[in-house]
Amino acid sequence: MEQKREKFSSSFSVFFATLSSAVGLGNIWMFPYVVGVNGGAAFIIIYLGCVLVVGLPTLISEFVIGRGTRKNVYGAIKEVTNKKVFRSISTIGILATYVLLFFYTVVAGWVYSYVFKAIVGTFKGIDAAGATKIFNDTSIGPVSPIIGQLLVLIVAGTIIAMGVKGGIEKLTRITMPILMGLLLLLAIRSLTLDGAMEGVSFLLKPDFSKISIGTFLAALGLAFFKLSVGTGSMITYSSYFTDDNNLIATGVKVSIADTAVSLIAGLAIFPAVFSFGLEPSSGPGLLFNTVPLIFSKMPGGSFLVVIFFFLAAMAATTASISLLEVLIATFTEEFKFSRKKALVINVAIILAFGSLAALSANPEGLLAEIKIFNFSIFDAFDALISNILLPLNGLLIILLCGFSIKKGFVRDELTNGGTLNNEGIVSILLFIMRYITPILIIVIFLKTFI
Ligand code: PFF
């Protein structure tokens, strides 16, 4: 069945929908723990550099390809290039989308289970040992992690089934502003705890002795992950953008807002981590082991903890939707599947492989003993995404836009056919896209792997 292509209805909707892909577990779960593991402020400075010089230009490149073709990732890449190396962007993008969903839905499932636990009062009066025990109960066992994952896929799938306008646009216009407002409230609460300033200085005072070459790849991978670049997610969403949308402005606004949400999440978590004498470098469990503890020791905490995990669940869901939409758009437009059939098939695939991630995420998990290059399956999926697939595809996308697509195409999209009067900015951006971004990615890759 030929589907009529939908579009977002305004620039306002474009902004919130795009932001809802960018803002997710990356901000609330991954950013704090990666900052914690990599020593705080010095890492944040490198990360900000990566967002500005690498992530943002690549994000805008995806917008150019998506809106310029108004197709799914596979169709879009086929339309703009016939070079084999660049044609691989859609294959790598779709592979990255699956792998990302395999482990992302696991963590999203933990968050869902925490909403439930918060509502029934599991966190009342717990101590650090209690918090760790609850996290382990959630993430191990034969079925519980898979149930959470299934629930995430059902919720995300239901919203996707409602379509671009009815589902994605309507939901994200409501959830994004609420999420940002409440996160700010949490940060203010955390900052007023005794001893909070130690956490603030961890986030603001750089200690460059903690930087190694690995830090750069971690920052680069996080920047791509955060801005949803490299999977084709932003190519897909921008194929629904309005004709008059200013792509550069949208890229800048989304990058600033996404970074702001990450920093606010950091300001909500680290002051409390230090105030309660917890360990900032405790890894992927940081969010789950600290937040309930923080709230359990706060007036109004049993209410705030529900709100916090509900927000995290919403953010995880809307980011998952943007990933699923890559697959649904490709299956419906290229293989002529109905939206429903595409959804059912993809949810089944994600559940089949994702359950391997779910059962290996925790050292006590059923499949935790299986190692791939010394990584558990869960960690291997994560590393494959952040260290290889996203940066590699980002590199190909920026090279495609900078050098291979015909020049008029890129300029036309960036200036809206010359109506935006932004020639100067476009020239600077094109220079960065051609000569700075790719070189930086290549140098970081070479330095890390050789
Ligand atoms: N940007 C999302 C987050 O920070 O949680 C994750 C993500 C979504 C990555 C979509 C990639 C993607 F295509």
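The name an unreviewed UniProt entry gives the chain is Sodium:neurotransmitter symporter family protein, with Clostridium vincentii as the organism. As stated in UniProt under Subcellular location (unreviewed entry), the record for the chain gives "Membrane".

Moving on: the site of the ligand. As a structural note, the neighbourhood of the ligand is formed by 15 residues, with Gly 26, Tyr 104, Phe 225, Lys 226 and Thr 231 the closest of them. At 3.1 Å from an oxygen atom of the ligand is found a main-chain nitrogen or oxygen belonging to Leu 25. One of the side-chain N or O atoms of Lys 226 is found 2.4 Å from an oxygen atom in the ligand. Within the complex, 100% of the 340 Å² of free accessible area of the ligand lies under protein. Sorting the residues of the shell around the ligand by element identifies α1 (11-22), α2 (25-37), α5 (84-119), α10 (213-226) and α14 (301-334) as the ones contributing at least two each. Counting residues per element, the shell around the ligand draws most heavily on α2, at three residues. A breakdown of the residues in the shell around the ligand according to their chemical character gives six nonpolar, eight polar and one charged.

Below, the discussion takes up the pattern of salt bridges. What the rule picks out here adds up to nine salt bridges. Put simply, Lys 7 and Asp 243 hold a salt bridge, and the shortest N to O gap is 3.3 Å. Of this pair, Lys 7 sits in the segment before α1 while Asp 243 sits in the loop between α11 (233-238) and α12 (247-275), and the two are 236 residues apart along the sequence. A relative accessible area of 34% places Lys 7 in the partly exposed class.

Further remarks concern the nonpolar core. Ranked by internal contacts, the top residues of the largest apolar core, which has 160 residues, are Ile 65, Phe 288 and Phe 309. At 21 residues, α5 tops the list of elements feeding residues into this core. Excluding its chain neighbours within four sequence positions, the residues that come into contact with Ile 65 are Ala 76, Ile 77, Val 80, Ile 235, Ile 397, Leu 400, Cys 401 and Ile 405.

Quick look at the environment of Phe 445 now. Note on placement: Phe 445 falls in helix α18 (residues 423-449). Its relative accessible area of 14% is what places Phe 445 among the buried residues. Separated by 146 residues in sequence, Phe 445 and Pro 299 have C-alpha atoms that sit 47 Å apart. The residues touching Phe 445, leaving out its near neighbours within four places in the chain, are Asn 387, Ile 388, Pro 391 and Leu 392.

Look at helix α7 (residues 144-161) against α14: their axes get within 9 Å of each other, and the N-to-C directions meet at 65 degrees. For the crossing formed where α7 meets α14, the hand is right-handed. Of the residues in α14, those in contact with Val 152, Val 155, Ala 156, Gly 157, Ile 159 and Ile 160 of α7 are Thr 317, Ser 320, Ile 321, Leu 324, Glu 325 and Ile 328. Among the residues forming the contact of α7 with α14, the class breakdown is eight nonpolar, three polar and one charged.

Parameters and conventions
- Residues numbered from 1 in each chain as written.
- Predicted model: local features only at pLDDT ≥ 70, side-chain atom pairs only at ≥ 80, totals over all residues.
- Heavy atoms only, no water.
- UniProt positions renumbered as here; feature names shortened; annotations may be inferred.
- Near = heavy atom within 4 Å.
- Polar contact = N/O pair within 3.5 Å; in protein donor to acceptor, adjacent residues only side chain to side chain.
- Areas by Shrake-Rupley, 256 points an atom, 1.4 Å probe, with all protein chains shown as cover.
- Helix = DSSP H or I, 4+ residues; strand = E, 2+ residues; numbered from the N terminus.
- Nonpolar A, V, L, I, M, F, W, Y, C, P; charged D, E, K, R; others polar.
- Salt bridge = Lys/Arg side-chain N within 4 Å of Asp/Glu carboxyl O.
- Buried < 20%, exposed > 50% of the residue type's maximum accessible area, 1.4 Å probe, protein only.
- Core = buried A, V, L, I, M, F, W, Y, C linked by side-chain atoms within 4.5 Å.
- Contact = heavy atoms within 4.5 Å.
- Axes fitted to C-alpha atoms, helices over the stretch in contact; angles between N-to-C directions.
- Left-handed = near helix turned anticlockwise from the far one by under 90°.

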